[in-house]
Amino acid sequence: MIVESDNSATDFLLEVAGGSEAVTKMLRDIGITDFRVDRDVSEILRDFYGLEDRAYQSAALAAYAKDPTLLSRQSDRNLKFEQKDPRDQTSPNAMLELLLAIDNGKVLSEKSREFLLATMSRTRTGNARLKGLLPKGTPVAHKTGTIGGVANDVGYVTLPDGRRFAIVVFTKSSTTSEADRDRAIAEVTRALYDFFYLKSQSK
């Protein structure tokens, strides 16, 4: 789910966790209010592409066969989908609250937290985003999200002195290329890295 960004794995784990309502309730229980989960990924892709059925592999393959341009439209802007639908929304601040809750042990045991961070450090998607402009070898544990005009990356960046900071960068309804969005995310990350690193050096 994390390393390969596999949507079917995401949907399976969402079901194991009790479904979208259970996940949203968990977020409320730990005090995060501006974050809601309503659909699994197959439903989100169905609605984004305007498919007749959930975007399971069989349905997706049938849709691709019917419309070969479908796969190339993943980066198409879909303003109605991105701006008008209140479902499956969060804010950067709410996502940051979740990252901090994970890091400070509020929602996971130490063993589970270290397992999650180790998994996030092996993410293969979005190498040009949070990691894009950082010094080579900088440890980054992160997870990306991409669809239409949305290009996100969230996670943790570790400084040379061992401290780490959590970071969330979202884009939405962007009209720029994905490469430009990746570059913007990378520049935000590098600015924060330099700020925290130089601040530690000045002490």
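Residues numbered from 1 in each chain as written. Predicted model: local features only at pLDDT ≥ 70, side-chain atom pairs only at ≥ 80, totals over all residues. Heavy atoms only, no water.

A.B. asks: Explanation requested: the pairing of strand β3 (residues 164-169) in the structure shown.
C.D. replies: Here is the key point about a regular strand: its side chains alternate between the two faces of the sheet. A large share of β3 lies buried, amounting to five of its six residues. Hairpin remark: strand β2 (residues 150-158) followed by β3, antiparallel, with five residues in the connecting loop; positive phi at G162, about 95 degrees. (Buried < 20%, exposed > 50% of the residue type's maximum accessible area, 1.4 Å probe, protein only. Helix = DSSP H or I, 4+ residues; strand = E, 2+ residues; numbered from the N terminus. Pairing = 2+ DSSP bridges.)

A.B. asks: Help me understand the nonpolar core, please; the structure alone is not making it clear to me.
C.D. replies: Grouped burial of nonpolar side chains is what soluble globular proteins tend to show. Judged by nonpolar contacts, the single largest core of 20 residues is most densely connected at I32, F35, L98 and Y156. Taken together, the elements giving at least two residues each to this core come down to α2 (20-29), α6 (92-103), α7 (110-120), β2 and β3. Counting residues per element, this core draws most heavily on α6, at five residues. Residues contacting L98, with those up to four places away along its chain left out, are L27, I30, I32 and F35. (Core = buried A, V, L, I, M, F, W, Y, C linked by side-chain atoms within 4.5 Å. Contact = heavy atoms within 4.5 Å.)

A.B. asks: Please explain the pattern of salt bridges as it appears in this structure.
C.D. replies: Think of it this way: side chains of opposite charge can pair up when their charged atoms draw near. What the rule picks out here adds up to 14 salt bridges. A salt bridge links R113 to E114; the shortest N-O distance between them is 3.2 Å. For R113, a relative accessible area of 14% gives the class buried. For E114, a relative accessible area of 37% gives the class partly exposed. (Salt bridge = Lys/Arg side-chain N within 4 Å of Asp/Glu carboxyl O.)

A.B. asks: Even after reading the chapter, I still don't get the packing of helix α1 (residues 7-16) against helix α3 (residues 41-49), so can you show me in this structure?
C.D. replies: When two helices pack together, their arrangement is given by the angle between the helix axes and the distance between those axes. Orientation of α1 relative to α3, taken along the N-to-C sense of each, is 125 degrees, at an axis distance of 8 Å. As judged from the angle between their axes, α1 and α3 are oblique. Contacts from N7, T10 and D11 in α1 reach V41, S42 and L45 in α3. For the contact of α1 with α3, the residue count by class is two nonpolar, three polar and one charged. (Axes fitted to C-alpha atoms, helices over the stretch in contact; angles between N-to-C directions. Parallel < 35°, antiparallel > 145°, perpendicular 65-115°, else oblique. Nonpolar A, V, L, I, M, F, W, Y, C, P; charged D, E, K, R; others polar.)

A.B. asks: Explain the sheet that holds strand β1 (residues 140-147) to me, please; I cannot follow it from the model alone.
C.D. replies: What the three strands build is an open sheet, ordered β1-β2-β3; its pairing is antiparallel. Two strands close off the open sheet at either side, each with one partner strand: β1 and β3. Neighbour to neighbour, the strand axes of the sheet diverge by 5 degrees on average, direction disregarded. In this sheet, β2 lies alongside β1 in antiparallel orientation, the contact comprising eight bridges. Paired with K143 across the bridge in β2 is V154.

A.B. asks: What's the story with α7 in this structure? I'm lost.
C.D. replies: Residues lying three or four places apart along an α-helix face the same way, a consequence of the helix completing one turn every 3.6 residues. Residues of α7 that are buried: R113, L117, T119 and M120. What you see down the axis of α7 is that its buried residues fit within an arc of 160 degrees, all on one side. In α7, those exposed residues whose orientation departs by more than 90 degrees from the buried face are K111 and F115. Where α7 is buried, its residues contact α6, β1, β2 and β3. (Arc of directions from axis to C-beta.)

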